[in-house]
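Breakdown of the fold
So you can see what is in the structure, the chains are spelled out below.
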Amino acid sequence: MRLMRTVAAALALSALTATAAFAEGKEVDCSETKLSFKAPGFEVKCKDYSRSSVSTGQSVAASNSYSLYAYSQKDVTFLDAFSDYIVSASVYYTRRSMEADLESNYTAKFSDWATQEDVGDYEIRTVTVTFSDGEPLECVGFRKLGARRWEGINGLTVGLSCSDGGRDKAFETVKLFISQD
């Protein structure tokens, strides 16, 4: 079971934005976050990476940053999501592609990107991901952009789901996550 070997790598993934990279995060009850995922057989853990002060050199803001990691041993499926929103009227993130949001923040090799039909406010891409164990997995990436601010955005929710059951099972997991947003 390829995914079982990859779970350790997935747990060690870096947070999805530079905001979270400064700390390990504090484990919290998911109800305290903007993320939720309830599904039979999934173990779910959330962390809080929020910061009350983020200095950009010209302005100060705060960030509400949370991660959610869900894993089903029965389905051999995981979902990893990160939500990061700036609390400020004058600070924003530069808008990037979904591929850049995922590739620059995971310790993995991404290939075979393919656009899928969006689900709600979320962009969806199928992708093959190769973690450090060298086994390629069929995964689904997803992203929801925050409100536009000038040439940027005030935040985003982005993540990845992979399954030994293939992309269809990973996509089912993503749709379940999105339906709870």
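Now for a description of the structure that goes with this document. Within each chain, residues carry numbers counting from 1 in the order of the written sequence. Where local features are concerned, this predicted model is filtered to residues with pLDDT of at least 70; where side-chain atom pairs are given and counted, the filter is 80 or more; whole-chain, interface and lining totals use all residues. Working from all heavy atoms in the structure, the side-chain values ignore hydrogens and water.

**Topic: the overall build of the chain**
Quick reminder of the rule: Secondary structure elements are defined from DSSP: runs of H or I of at least 4 residues count as helices, runs of E of at least 2 residues count as strands, and each element is numbered from the N terminus. Partly exposed residues are those whose accessible area sits between 20% and 50% of the maximum for their type, while under 20% is buried and over 50% is exposed, using a 1.4 Å probe and protein chains only. Two residues qualify as a contact provided that any one of their heavy atoms is within 4.5 Å of a heavy atom in the partner residue.
A tally of helices and strands in the chain yields 3 helices and 12 strands. Looking at the chain as a whole, 49% of its 181 residues are labelled buried. A separation of at least 24 residues holds for 57% of the contacts in the chain among residues at least 6 apart in sequence.

**A few points about the pattern of salt bridges**
Two side chains of opposite charge can pair, provided their charged atoms sit close to one another. Keep this limit in mind: Any Lys or Arg side-chain nitrogen found within 4 Å of a carboxyl oxygen on Asp or Glu counts as a salt bridge.
Inspection of the entire model under this criterion finds 9 salt bridges. One salt bridge connects Asp101 with Arg96, and the closest N-O pair in it is separated by 3.0 Å. Judged by relative accessible area, which is 6%, Asp101 ranks as buried. In this structure Arg96 comes out as partly exposed when scored by relative accessible area, which is 36%. Between Arg167 and Glu138 there is a salt bridge, with the nearest N and O atoms lying 2.9 Å from each other. One end of the pair, Arg167, is in helix H3 (residues 167-179); the other, Glu138, is in strand E9 (residues 136-145), with 29 residues separating them in the sequence. Taking the relative accessible area as the measure of exposure, Arg167 reaches 24% and is therefore partly exposed.

**Let's talk about the nonpolar core**
To keep things clear, this is the line we draw: Take the buried Ala, Val, Leu, Ile, Met, Phe, Trp, Tyr and Cys residues and link them wherever side-chain atoms come within 4.5 Å; each set so joined is a nonpolar core.
Residues Phe37, Leu68, Leu79, Ile124, Phe142, Val174 and Phe177 are the most contacted members of the largest nonpolar core, which totals 20 residues. Contributions of two or more residues to this core are made by strand E2 (42-48), strand E4 (60-72), strand E5 (77-87), E9 and H3. It is H3 that provides the largest number of residues to this core, a total of 4 residues. When neighbours within four sequence positions are excluded, Leu79 is seen to be in contact with Leu68, Tyr69, Ala70, Phe142, Leu160, Ser161, Thr173, Val174 and Phe177.

**Structural notes on the side chain of Thr77**
Here is the rule we go by: Nitrogen and oxygen atoms within 3.5 Å of one another constitute a polar contact, given that in protein one can donate a hydrogen and the other can accept it, and given that sequence-neighbouring residues count only through two side-chain atoms.
Tracing the backbone shows Thr77 in strand E5. A distance of 2.9 Å separates a polar side-chain atom of Thr77 from the backbone oxygen of Asp75. At 2.7 Å, the side chain of Thr77 forms a polar contact with the side chain of Ser163.

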